[in-house]
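Chain by chain, the residues run as shown.
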Protein chains: 4
Amino acid sequence: MAGNTTGKMFAVTTFGSSHGRALGAVVDGCPAGLELSEEDIQLELNRRKPGTSAITTARGEGDQVEILSGIFEGKTDGTPIAAVVYNKDANSSAYENLKNKPRPGHGDYCWISRYGHYDYRGGGRGSGRNTIGHVIGGAVAKKLLETLNIKVVAHVTQIGNIKANTVNLNLIEDYVQQNVVRCADQKAATEMEELILEAKSEGNSVGGIVETLILGAPAGLGEPVFGKLDADLTQTLMAIGSVKGVEVGFGFDVVKYTAQEINDEYYMEGEKIKTTTNTSGGILGGMSNGMPIMLRMAVKPTPSISSPQKTVDLEKMEETEIEIIGRHDPCICPRVVPVAESAVAMVMADHLIRSGFINPRHL
Amino acid sequence: MAGNTTGKMFAVTTFGSSHGRALGAVVDGCPAGLELSEEDIQLELNRRKPGTSAITTARGEGDQVEILSGIFEGKTDGTPIAAVVYNKDANSSAYENLKNKPRPGHGDYCWISRYGHYDYRGGGRGSGRNTIGHVIGGAVAKKLLETLNIKVVAHVTQIGNIKANTVNLNLIEDYVQQNVVRCADQKAATEMEELILEAKSEGNSVGGIVETLILGAPAGLGEPVFGKLDADLTQTLMAIGSVKGVEVGFGFDVVKYTAQEINDEYYMEGEKIKTTTNTSGGILGGMSNGMPIMLRMAVKPTPSISSPQKTVDLEKMEETEIEIIGRHDPCICPRVVPVAESAVAMVMADHLIRSGFINPRHL
Amino acid sequence: MAGNTTGKMFAVTTFGSSHGRALGAVVDGCPAGLELSEEDIQLELNRRKPGTSAITTARGEGDQVEILSGIFEGKTDGTPIAAVVYNKDANSSAYENLKNKPRPGHGDYCWISRYGHYDYRGGGRGSGRNTIGHVIGGAVAKKLLETLNIKVVAHVTQIGNIKANTVNLNLIEDYVQQNVVRCADQKAATEMEELILEAKSEGNSVGGIVETLILGAPAGLGEPVFGKLDADLTQTLMAIGSVKGVEVGFGFDVVKYTAQEINDEYYMEGEKIKTTTNTSGGILGGMSNGMPIMLRMAVKPTPSISSPQKTVDLEKMEETEIEIIGRHDPCICPRVVPVAESAVAMVMADHLIRSGFINPRHL
Amino acid sequence: MAGNTTGKMFAVTTFGSSHGRALGAVVDGCPAGLELSEEDIQLELNRRKPGTSAITTARGEGDQVEILSGIFEGKTDGTPIAAVVYNKDANSSAYENLKNKPRPGHGDYCWISRYGHYDYRGGGRGSGRNTIGHVIGGAVAKKLLETLNIKVVAHVTQIGNIKANTVNLNLIEDYVQQNVVRCADQKAATEMEELILEAKSEGNSVGGIVETLILGAPAGLGEPVFGKLDADLTQTLMAIGSVKGVEVGFGFDVVKYTAQEINDEYYMEGEKIKTTTNTSGGILGGMSNGMPIMLRMAVKPTPSISSPQKTVDLEKMEETEIEIIGRHDPCICPRVVPVAESAVAMVMADHLIRSGFINPRHL
């Protein structure tokens, strides 16, 4: 299958670029009978859209969504849900000086290698704006997960060297809304915001860590050997721009422990089987075990920075220097939060249908 | 697609379990005209097979491969290559006491949740023996990559808290063969071996980090937005048992730096465009940029340990304790090395065909 | 994969229904560098659109296409091409009386069985209007085929009992444009038109046979065993509404002959290998042999007729009668012609990329 | 996906060729808990195997199946079911004279065009022996269908110009077993047998029509727009060697009628909704309507005949003549019967799981 579709039974195809006419998604395989409105999608898009605080890009996009198909009398009708967002504030002039000069840390040079050309206007399809498609698909997926009381919640746990303290899993969703960084630890959030603004003032940028939680998933989701749930969740997170690492549960920290220390032992909580610890992050053998699923990803500093950088002029085939003007995020982590949730929600919706937890025909 | 196939154009389907009759793989989509013998596959299987040193399980399996189809006059004929390995030393008796008692850290409980039962004999399909299928597919993929001078090399870089020193990328393949740990730093390897034997003597196990390198890949491999090369490579590594985290290039360390510090700048080396640093690990925007591709994964301590562990008796629905007898690896990292190479080689073969670098019909 | 995508490498996802807001398609996997304009797509849509003659439905739709993405400086940029057509003349009131009363010969009852409801307004997604998506995808595919001088040409060969005489394959494309029936035999076309108008005046409808030719395809296209070219072409034609049979070459007539009579023998025409006859219709063993590919399909009489029909009231669960008002085609064959070409062109584009005849990255 | 896999959720990958070591299949996606034995598969293979009567090839193959994986304690365990049949009576010497000389009516020339070579020994993978894989997959699928009381029954309805009389649908399965032609009309069967033997004695062959019925399928199976049930069933039948046409219900005969004559009207039979006629063959709008599904396919005369035929020597690039010795079927229709059933059963199993009629995890 071509590269712009994710999922097998709940399949989302996205399209569009930063400076083209529009972006959008087609959600195929959503069962009929799910209540869905433009407002449901708009709310998620608003969480992703730029220009909402001093720590995001100043590009002013309303990102108004229009649903083109798939809804009948307020509910999904089982046919593809197409939704579109038109670009309004695309300003290509700022990019003219980048023509033929691939930006360090961006995919420009790879695009040329692959496609024989690239859209120098803000990264084209490689721009973070392509995640509008994720969010459309994710909004539908979240509504579907809601019918099973499954929640997907992401939050920022680290920016640069500032780490957030751990917070009760069930409080994160609320706490995250209380600051622009989307960090559940308010004190850390304040420091993070300062660090981001400092980087911005220096024409620089910083990275961080975003954690995504899945609460309420049933045990038995995931398909060994090559369709494991953790593998598919990792895939979708790694496919988000700027992500360089993904881990589940204790992740890379497993190296610090022995099996005696981190094997999650089973016990009975009333009639339910649970594990005393959750170092595995809710997934064992590639399948969910009913405990909270915990994923963390490393997000690199936004490569678009205004300070001068060395590159190559591909036309003249000689070394040169560029300064990126444009309007950029000094730290993309806060805006990655709704995108990570969307990506994860789509994979979950797909696996829930594939595994028979959701009727593929209708609710 | 069901869960036991990986790849779209170079598609490998694997089958078999630890205590069933046989394991194997069907490789579909390999172009005709590739020289391939049973010996090619056997060599890779020998690197994976158990019982080769004191730090691996004592299960004595010859793991002899038989090619059933797809080869004509010493070359692939373009039709599916099926290959099979019969189980010889399966000893199910050791597992009788584990019936209905899911092992901590293993997928047993998840299998029951999903399939309504599970093969208590050594994990069944969930056993590490399922990676025989990976290695068969990987051996074919490696032969295909060789035709483009692309190499996939994995090695152990950390066991417990012992970290290996960095070694020149081109020497790793040789150095790795000089010790049973498969670590390119001989001094560290000795310490690692001791640590593993110590864990073994205590009925315990340790984890580590395995790095996989792809050398010689062309720029322009990978399909935005959902079929990115790093995302697919990460997926396949995360689908290997016991892996809890995967990172590319600087991985989680990107958080420690600003964009000014880690944006890989471009320069000319003769006629070739290269980057001065390779913090991105050879992949930007989901596509290769022609630099070495570097992946690292965290492998947890083998969950099968002989010391007593708490679990639940699923028949009586009450808490209980188990001791796992069997024959297990006190550290799986050395044996993960050929599996990681295989998994990565299959994804690369698939992307090379999908992207038109290899003629899908014949060489 | 969900059901609204066709193709693996050249993958087209369509959406929209007869009385919803819009219809459209996303074409993923088209190589970069193909010249493509809205005009290219519009020309094909104009061939499909209703209201162009007395023998088609009177619904007045301009079917103006808008390309939303995937084009940069007049050429495909390798990213998904999304295109949309808004519904303008949807008139749902005519269908109110059909609520809960499935129309004979239509899929209404099946939709209810599957989705728990159905869009009674003109068939919703089941309407022939969904083929707008086909034509968008087909227009792109045709442009791609043109780069290899491959042509797809469809024409009507029979309406009711009126059969057209055979015409030289290379003249069909021109001849077909000379009458509204899209039959290459002008004399037969006139009779066919009369037959259709007669059926219309009686509140009835007629069916026919549409032949699709592929000229200029290379030998060696198609993937045994389950991805055969004839199988995939047949699949796509059978997926067009109202089609009840598909045949290749001599088709069902092979039964009348022995192998001695119809085995196509090989001979040399200069340096080229050809067959003396083409009873196989250009495909043997599921792969093209370089001869013209010939497909024929049976199209049933349009089930929407104005005379009274018996059905069941699904709410009251009792038998009842309906009269379909609406605006319908008394014979859908002429309008199937561009749809068949589109469907076939998409499959060909997919196979050409999958088989390495077209570079998947860029032209 | 590469070409040797059929199905998405119930995915069967087949391998092997006529003169290689073995043939077989891997069935992935069969839910756990289905009773399955080697005997179940062997019974179906026995129906397909050669040498059982004077009207089939004399090749003497026991076609003994061995299940390698996927069964635990007599039931499917949810993991891939691999099964293999070793070739025993392969006799390649008869084919030496065909080297570089493509047989008329066979895919040899297409294989060379695609793969740069071909297995001249009996067609290799292109041989009818590849349908052993179909039958293995079909045997599993049939067992799965049985759990829903769905039956797939195929029978010969025409050989050459001899047509069978219509028989009650429910009697066909029994009647078919009473003669070697597998025709439900005993009188016609006798004539058909004579015709086949006559062709054989003349070094010639004849074709025919095979009908496949699906009895007991629920309404609502199939996925518009591109995954329609009739389209997928047609695809799988057309992918069987020698098939040149497929039709559903009235098929090509729809052309002879008007909508008033063949629209299947609905009525109530007790609580059930049925159609008074079944010209649509149980499928409307690409979805089943609960009536018997009826498919017919045209099978061409076996192209392997012993009389001399003209072809081209591909090495010398000059015209030549060949005589095919080997051991061939003078009419393949009787042996296509179990293959057609298998192909159809696999598609049905896949759609039943995809549509939620069968739990994908376990029964």
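## Overview of helix α1 (residues 38–48) of chain D
Then step 1. Among the residues of α1 of chain D, Ile41, Gln42, Glu44, Leu45 and Arg48 of chain D are the ones counted as buried. All buried residues of α1 of chain D project into a common sector of 165 degrees when viewed along the axis, lining one side.

## Some points on the pairing of strand β18 (residues 318–322) of chain B
Regular strands place their side chains on alternate faces of the sheet.
Residue and element names in this part refer to chain B.
Then step 1. In terms of strand pairing, strand β17 (residues 309–313) meets β18 through five bridges, oriented antiparallel. Opposite Asp313, over in β18, you have Glu318 as the bridge partner.
Then step 2. Taken together, β17 and the strand that follows it, β18, pair antiparallel across an intervening segment of four residues, in which Met317 is found at a positive phi of about 50 degrees.

## Some points on the sheet that holds strand β3 (residues 22–28) of chain B
Residues and elements named next belong to chain B.
Then step 1. The strand order β1-β2-β3-β7-β4 describes an open sheet built from five strands, whose pairing is antiparallel. Looking at strand neighbours, the two that pair on one side only are β1 (5–6) and β4 (65–67), the edges of this open sheet.
Then step 2. Two strands pair when backbone bridges link them, and β4 and strand β7 (residues 81–86) are joined in this way by three bridges, in the antiparallel orientation. Bridge pairing in β7 places Glu66 opposite Val84.
Then step 3. Sheet strands in contact with helix α1 (residues 38–48) are β4 and β7, and its direction is about 150 degrees off that of β4.
Then step 4. Seen against the sheet, helix α3 (residues 131–146) touches β2 (11–16), β3, β4 and β7 and runs at an angle of roughly 35 degrees to β3.

## Description of the relation of the copies chain A and chain D
Then step 1. After a rotation of 180 degrees and a shift along the axis of 0.0 Å, chain A superposes on chain D with an RMSD of 0.0 Å. On the angle and the small slide along the axis, the relation comes out as a two-fold axis.
Then step 2. Both copies share a contact surface, since 100% of the interface residues of chain A are interface residues in chain D too.

## Focus on the relation of the copies chain A and chain B
Then step 1. In screw terms, the move from chain A to chain B is a rotation of 180 degrees and a rise of 0.0 Å along the axis, fitting with an RMSD of 0.0 Å.
Then step 2. In this assembly the copies share their binding face: 100% of the residues contributing to the interface of chain A also contribute to that of chain B.

## Quick notes on the pattern of salt bridges
Pairing between side chains of opposite charge can happen when the charged atoms of each approach one another.
Then step 1. All chains considered together, the criterion is met by 80 salt bridges over all chains.
Then step 2. Residue Arg354 of chain A is joined to Asp232 of chain A by a salt bridge in which the shortest nitrogen-to-oxygen separation is 3.9 Å. Highlighted residues: Arg354 of chain A in helix α8 (residues 333–354) and Asp232 of chain A in helix α6 (residues 229–238), separated in sequence by 122 residues.
Then step 3. Between Lys151 of chain C and Glu173 of chain C there is a salt bridge; the shortest N-O distance is 2.6 Å. Placement of Lys151 of chain C in strand β8 (residues 151–159) and of Glu173 of chain C in helix α4 (residues 172–175) is noted, with a sequence separation of 22 residues between them.
Then step 4. Residue classification places Lys151 of chain C among the partly exposed positions, given a relative accessible area of 41%.
Then step 5. Residues joined by salt bridges that share partners form a network here, namely Glu44, Arg47, Lys142 and Glu341 of chain A.

## Side note on the packing of helix α3 (residues 131–146) of chain D against helix α8 (residues 333–354) of chain D
All names here are of chain D.
Then step 1. Across the interface, α3 lies against α8 with an axial gap of 7 Å and an inter-helix angle of 50 degrees. The angle between the axes of α3 and α8 places the two elements in the oblique class. Crossing handedness for the pair α3 and α8: left-handed. Across the interface between the two elements, Thr131, His134, Val135, Gly137, Gly138, Ala141, Lys142, Leu144 and Leu145 of α3 pack against Pro338, Val339, Glu341, Ser342, Ala343, Ala345, Met346, Met348, Ala349, Leu352 and Ile353 of α8.
Then step 2. Along the lines of polarity and charge, the residues of the contact of α3 with α8 split into 13 nonpolar, five polar and two charged.

## Focus: the nonpolar core
Then step 1. One finds Phe10 of chain A, Phe10 of chain B, Phe10 of chain C together with Phe10 of chain D to be the most contacted residues of the largest nonpolar core, which totals 312 residues.
Then step 2. Apart from the residues lying within four places of it in its own chain, the contact partners of Phe10 of chain B are Val27, Asp28, Gly29, Cys30, Gly137, Val140, Ala141, Leu144, Met346, Ala349, Asp350 and Ile353 of chain B.

## What about the side chain of His106 of chain B?
Then step 1. Mapped onto the fold, His106 of chain B is located in the loop between β7 and α2 (108–115).
Then step 2. Accessibility expressed as a relative area gives 17% for His106 of chain B, which makes it buried.
Then step 3. Within the structure, the side chain of His106 of chain B is placed 2.7 Å from the side chain of Ser304 of chain B, a separation counted as a polar contact.
Then step 4. If we ignore the near neighbours within four places in the chain, the residues touching His106 of chain B are Tyr266 and Leu284 of chain A together with Pro303 and Ser304 of chain B.

## Let's talk about the sheet that holds strand β16 (residues 293–299) of chain C
Then step 1. If you trace the 10 strands from one edge of the open sheet to the other, you get β9(C)-β8(C)-β10(C)-β16(C)-β11(C)-β11(D)-β16(D)-β10(D)-β8(D)-β9(D), paired in antiparallel fashion. Looking at the sheet topology across the chains shown, the edges are occupied by β9 (162–163) of chain C together with β9 (162–163) of chain D.
Then step 2. Lying over the sheet, helix α5 (residues 186–201) of chain D contacts β8 (151–159) and β9 of chain D, oriented at roughly 60 degrees with respect to β8 of chain D.

## Some points on the interface of chain A and chain B
Then step 1. Taken together, the contacts link 104 residues of chain A with 104 residues of chain B.
Then step 2. For chain A, the biggest contributors to the area lost against chain B are Phe226, Lys244 and Tyr266 of chain A; these three give 11% of the whole.
Then step 3. Applying the counting criterion to the chain A and chain B interface returns zero salt bridges.
Then step 4. Residue composition of the side of chain A that touches chain B, by class: 45 nonpolar, 39 polar and 20 charged.
Then step 5. Here strand β11 (residues 243–248) of chain A runs beside strand β11 (residues 243–248) of chain B; their pairing, made up of three bridges, is antiparallel. Residue pairing across strands places Glu247 of chain A opposite Gly245 of chain B, the latter belonging to β11 of chain B.

Rules used throughout
Residues numbered from 1 in each chain as written. Chains lettered and ligands numbered in written order. Predicted model: local features only at pLDDT ≥ 70, side-chain atom pairs only at ≥ 80, totals over all residues. Heavy atoms only, no water. Buried < 20%, exposed > 50% of the residue type's maximum accessible area, 1.4 Å probe, protein only. Helix = DSSP H or I, 4+ residues; strand = E, 2+ residues; numbered from the N terminus. Arc of directions from axis to C-beta. Pairing = 2+ DSSP bridges. Contact = heavy atoms within 4.5 Å. Axes fitted to C-alpha atoms, helices over the stretch in contact; angles between N-to-C directions. Least-squares fit on C-alpha atoms with pLDDT ≥ 70 in both. Salt bridge = Lys/Arg side-chain N within 4 Å of Asp/Glu carboxyl O. Parallel < 35°, antiparallel > 145°, perpendicular 65-115°, else oblique. Left-handed = near helix turned anticlockwise from the far one by under 90°. Nonpolar A, V, L, I, M, F, W, Y, C, P; charged D, E, K, R; others polar. Core = buried A, V, L, I, M, F, W, Y, C linked by side-chain atoms within 4.5 Å. Polar contact = N/O pair within 3.5 Å; in protein donor to acceptor, adjacent residues only side chain to side chain. Buried area = accessible area lost by both parts, 1.4 Å probe.

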